[in-house]
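Examining the three-dimensional arrangement
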Amino acid sequence: MNITASLYTDDRTIRLLINGELVASRASERRPIVNPATQEVLAYTPFATADEINAAVASAKAAFGTWRNTPIATRMRVMLRLQALLRENLPRIARVLTEEQGKTLADAEGDIIRGLEVVEHACSVGTLQLGEFAENVAGGVDTYSLRQPIGVCAGITPFNFPAMIPLWMFPMAIACGNTFVLKPSEQDPMSTMEIVRLALEAGVPPGVLNVVHGGKEVVDALCTHPDVVALSFVGSTAVGTHVYDLAGRHGKRVQSMMGAKNHAVVMPDANKEHTLNALAGAAFGAAGQRCMAASVAVFVGESSQWLPELAQRAKALKVNAGGEPSTDIGPVISVNAKARIEALIASGVSEGAQLLLDGRQVKVPGYESGNFVGPTVFGGVKTTMRIYTEEIFGPVLVCLEVTTLADAIALVNANPYGNGVALFTQSGAVARRFQNEIDVGQVGINVPIPVPVPMFSFTGSRGSKLGDLGPYGKQVVQFYTQTKTVTARWFDDDAVSTGVNTTISLK
Ligand code: NAD
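Residues numbered from 1 in each chain as written. Predicted model: local features only at pLDDT ≥ 70, side-chain atom pairs only at ≥ 80, totals over all residues. Heavy atoms only, no water.

1. Thoughts on the overall build of the protein chain
We count it as follows: The helix count covers DSSP runs of H or I at least four residues long, the strand count covers runs of E at least two residues long, and both are numbered beginning at the N terminus. The reference for a compact globule is 2.2 Å times residues^0.38; the radius of gyration itself is calculated from the C-alpha atoms. Under the scheme applied here, a residue whose accessible area is under 20% of the maximum for its type counts as buried, over 50% as exposed, and between as partly exposed, the area being computed with a 1.4 Å probe on protein chains only.
Within the protein chain, the regular secondary structure consists of 15 helices and 22 strands. Taking 507 residues into account, the globule formula puts the C-alpha radius of gyration at 23 Å, and the protein chain, at 25 Å, falls close to it. With the principal axes as the frame, the protein chain shows a C-alpha extent of 85 × 60 × 40 Å. Considering the protein chain as a whole, with its 507 residues, one finds that 57% of them fall into the buried category.

2. What about the site of the ligand?
Heads up, the condition is: Note on definitions. A residue lies near a molecule or strand when any single heavy atom of the residue is within 4 Å of it. Polar contacts, as counted here, are pairs of nitrogen or oxygen atoms within 3.5 Å of one another; within protein the pair requires one atom able to donate a hydrogen and one able to accept it, and residues that are adjacent in sequence qualify only if both atoms are side-chain atoms. Working definition of accessibility: Shrake-Rupley area with a 1.4 Å probe, residue cover restricted to the visible protein chains. Basically, the charged four are Asp, Glu, Lys and Arg, the nonpolar ten are Ala, Val, Leu, Ile, Met, Phe, Trp, Tyr, Cys and Pro, and anything else, Gly included, counts as polar.
Around the ligand, the structure places 29 residues, and the nearest of them are Thr157, Lys183, Glu186, Ser236 and Glu391. At 2.6 Å, a side-chain N or O of Ser236 approaches an oxygen atom of the ligand. Between an oxygen atom of the ligand and a side-chain N or O atom of Glu391, the distance comes to 2.6 Å. Protein chains shield 87% of the accessible area of the ligand, which is 850 Å² for the free molecule. Breaking the shell around the ligand down by element, the ones donating at least two residues are helix 5 (164-175), helix 7 (216-224), strand 10 (228-234) and helix 8 (237-249). In the shell around the ligand, the residues fall into 15 nonpolar, ten polar and four charged.

3. Here we look at the sheet that holds strand 18 (residues 420-424)
Keep this limit in mind: Following DSSP output, two strands are said to pair if at least two bridges run between them. Angles shown run from 0 to 180 degrees and are taken between the N-to-C directions of axes, each axis being a line fitted to C-alpha atoms and, for helices, limited to the stretch in contact. Between two residues, a contact is recorded if the distance between any of their heavy atoms is within 4.5 Å.
A sheet is described by the order of its strands in space; here seven strands give the open sequence 14-15-16-13-12-18-19, paired in mixed fashion. Every other strand in the sheet has two partners, leaving strand 14 (354-357) and strand 19 (442-445) as the edge strands with one partner each. On average, each strand axis in the sheet is tilted by 20° relative to the strand beside it, whichever way the strands run. By the bridge criterion, five bridges tie strand 12 (residues 262-266) to strand 13 (residues 294-300) in an arrangement that is parallel. Within strand 13, the residue paired with Val265 across the bridge is Val298. Sheet strands in contact with helix 11 (residues 335-350) are strand 14, strand 15 (376-379) and strand 16 (396-402), and its direction is about 25° off that of strand 15.

4. Re helix 11
Here is the rule: An expected span of 1.5 Å times one less than the residue number is assigned to each helix. What the arc describes is the spread of directions from the helix axis to the C-beta atoms.
Taking 1.5 Å as the rise per residue, helix 11 with 16 residues should run 22 Å; its terminal C-alpha atoms sit 23 Å apart, in good agreement. Along helix 11, the residues classified as buried are Ala337, Ile341, Leu344, Ile345, Ser347 and Gly348. Projected onto a plane normal to the axis of helix 11, the buried residues spread over an arc of 155° and lie on a single side. Looking at helix 11, the residues exposed on the side facing more than 90 degrees away from the buried face are Val335, Asn336 and Ser350.

5. Focus: the state of the cysteines
Keep this limit in mind: Disulfide: a pair of cysteine sulfur atoms within 2.5 Å of each other.
Inspection of every chain in the model, using the stated rule, returns zero disulfides. Just so you know, Cys123 is unpaired, no disulfide at all, and the nearest cysteine sulfur is the one on Cys176, 13 Å from it. On the basis of relative accessibility, which here comes to 13%, the residue Cys123 falls in the buried class. Free of any disulfide, Cys291 has its nearest neighbouring cysteine sulfur in Cys223, separated by 20 Å.

6. With respect to the environment of Arg31
Summarising the element assignment, Arg31 is placed in strand 3 (residues 30-34). C-alpha separation for the pair Arg31 and Glu186, spaced 155 residues apart in sequence, amounts to 7.8 Å. Setting aside residues up to four positions removed in sequence, Arg31 forms contacts with Ala43, Tyr44, Thr45, Phe47, Glu186 and Gln187.

7. Here's the deal with the nonpolar core
For clarity, the cut-off: Grouping buried Ala, Val, Leu, Ile, Met, Phe, Trp, Tyr and Cys residues that are joined through side-chain atoms within 4.5 Å yields what is termed a nonpolar core.
If you look at the biggest cluster of nonpolar residues, it comprises 71 residues, and the most contacted ones within it are Met79, Leu82, Leu86, Trp168, Phe170, Phe180 and Tyr480. Apart from residues lying up to four places away in sequence, Leu86 is in contact with Ile112, Leu116, Val119, Leu167, Ile195 and Leu198. Counting residues in hydrophobic clusters, the runner-up holds 67 residues, among them Ala287, Ile341, Leu357 and Tyr388.

8. Let's talk about the environment of Thr66
By the secondary structure assignment, Thr66 is in helix 1 (residues 50-67). Linking Thr66 and Gly177, residues 111 residues apart in sequence, is a C-alpha distance of 9.2 Å.

9. Here we look at the packing of helix 2 (residues 72-101) against helix 5
To be explicit about the condition: With respect to orientation, any angle under 35 degrees is reported as roughly parallel, any angle over 145 as roughly antiparallel, any angle of 65 to 115 as roughly perpendicular, and every other angle as oblique.
Taken N-terminus to C-terminus, the directions of helix 2 and helix 5 make an angle of 150°; their axes are 9 Å apart at the nearest point. Taken together, the axes of helix 2 and helix 5 are roughly antiparallel relative to one another. From helix 2, Arg75, Met79, Leu82 and Leu86 reach across to helix 5, where they touch Leu167, Phe170, Pro171, Ile174 and Ala175. Its residues assigned to classes, the contact of helix 2 with helix 5 comprises eight nonpolar, no polar and one charged.

10. Quick word on unusual backbone geometry
Phi angles above zero are rare outside glycine, and Asn446 is one such case at about 60°. By secondary structure assignment, the location of Asn446 is in the loop between strand 19 and strand 20 (461-462). A relative accessible area of 26% places Asn446 in the partly exposed class. Even without being a glycine, Arg462 presents a positive backbone phi close to 45°. Take Arg462: it is sitting in strand 20.

11. Overview of the pairing of strand 6 (residues 141-149)
Strand direction decides the pairing type here: strand 5 (residues 133-138) and strand 6, joined by three bridges, are antiparallel. Looking at the pairing, Phe133 lines up with Tyr144 of strand 6.

12. So, helix 13 (residues 405-414)
Those residues of helix 13 that sit buried are Leu405, Ala408, Ile409, Leu411 and Val412. Within helix 13, the buried residues cover an arc of 160° as seen down the axis, which keeps them to one side.

13. Topic: the sheet that holds strand 22 (residues 481-489)
In space, the three strands of this open sheet follow the order 5-6-22, with antiparallel pairing throughout. Edge strands, defined here as strands with exactly one partner in the open sheet, are strand 5 and strand 22. The sheet shows a mean angle of 30° between the axes of neighbouring strands, taken without regard to direction.

14. Focus on the side chain of Thr179
Relative to the assigned elements, Thr179 resides in strand 8 (residues 179-183). Every residue in contact with Thr179, bar those within four places of it in the chain, is listed here: Ala60, Lys61, Ala63, Phe64, Trp67, Gly151, Val152, Cys153, Ile174, Gly207 and Val208.

15. Details of the pattern of salt bridges
As a reminder, the rule being used: In the sections that follow, a salt bridge refers to a side-chain nitrogen of Lys or Arg positioned within 4 Å of a carboxyl oxygen of Asp or Glu.
On inspection of all chains with the given rule, the structure shows 19 salt bridges. Glu120 serves as the salt-bridge partner of Arg87, at 2.3 Å between the closest nitrogen and oxygen. Taken as a pair, Arg87 in helix 2 and Glu120 in helix 3 (residues 105-122) lie far apart in primary sequence, 33 residues in all. Given the relative accessible area of 32%, Glu120 is considered partly exposed.

Written as structure tokens, this is what we have:
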């Protein structure tokens, strides 16, 4: 295995990883990876052929036989080396990530660090994967459970976190003794591949981790491949529902983390300064392209008076290329994404919402062709408007007003999505009632983006998630392992037989 081989072919097509080799795809179709701040073509993503997908799965299947029996300490040491390499290479990979994805350098580092935390957690897989033991469940009988790896797992990732989300998936899967085939977003696979190469350098053996690039055809091939046993998907609701259905019908274990419309509920007793800053950061950071972005603000009672001030804070945020110093908001991922966001803003205006801040005409000197949308704030929004019902996935905050906490809870619970929600208050009693009654997977109390750290699991509920078990944390150990329960009795040579037992009871 040559881990210093270039990630790219001579014509800048990103390579696949099959059986430990970075290989040039034979694909006839490829698409450009474009810097969203400049439209410069950075490289090309090939759309892997059926043979290449089969070769990746076959290499994962072959490697599983050895890797599943590799000592836990060996697997943990690979993760220890990977976390050290990620830390060492963080600034370099962050620059690649900013170039291809657009987010600010500081946020790109955050993207890697949130993934690195999962690798750190994977270093304790020895404890996480422990089974259970009960002595003397019947006379001379013991029962114990094993958490065994399940085989070839696959992961499909979205464009918005090209470091964190692949790192949600393959480190825990392979630390548990599985092998993996990753399909990164075709829009920005470069930083993902930088991380994958570090995994090879850390000692991941050939075949244990494989990468195929592409779009729908590659995803569908993984969902239906007879040798793939589990599939982890993160992306939009439309695709996630399709993947869950297709892979489920083909007998796979599936987890599908999908779209969102995250509400931030503001009580009149909230700390105003903290709340407005938190809202502006959570709505517009990463140009609103986070599945946990606070995209809806619900002002309860008099807190709605803060709306003009919120729009002022949003206006003060600096829109620029992610690599420029002191940028708050970088470009959105593509020309199409920008057009879609602007069309949704136009729909808000035509449906009668009040446009308090319009980001459509933003100009960024030196980056005139970039996909920039400035922070946009709507007041007077109704739940029937498209800007409320659809995930915008851009720097647009829609604001609604209600009279009571009960109204706010009912509004949030009536929304089909259930990824994240935040409450701003100084009352413990209000917070306690909210966390109890709200039907959303991840709740922040005075914390605008409540993404759990890896000793917990990423959750989500209702229209934001399909499958019981979430990525990382203890849940993902369950997802990537099969529980086997052993009931055992041992006889000495001189043990006296009790005769034939025709009942179900253990005697
Ligand atoms: P997407 O659904 O377009 O793409 C996700 C993956 O699916 C990509 O790898 C893509 O190649 C593949 N894909 C695209 N179209 C497909 C099709 N028709 N059939 C099969 N596969 C297909 O998502 P995106 O635009 O890359 O990412 C943004 C979305 O992801 C948003 O909806 C966001 O909320 C969601 N997201 C959710 C979470 C979460 O944990 N819930 C996290 C991050 C992003």
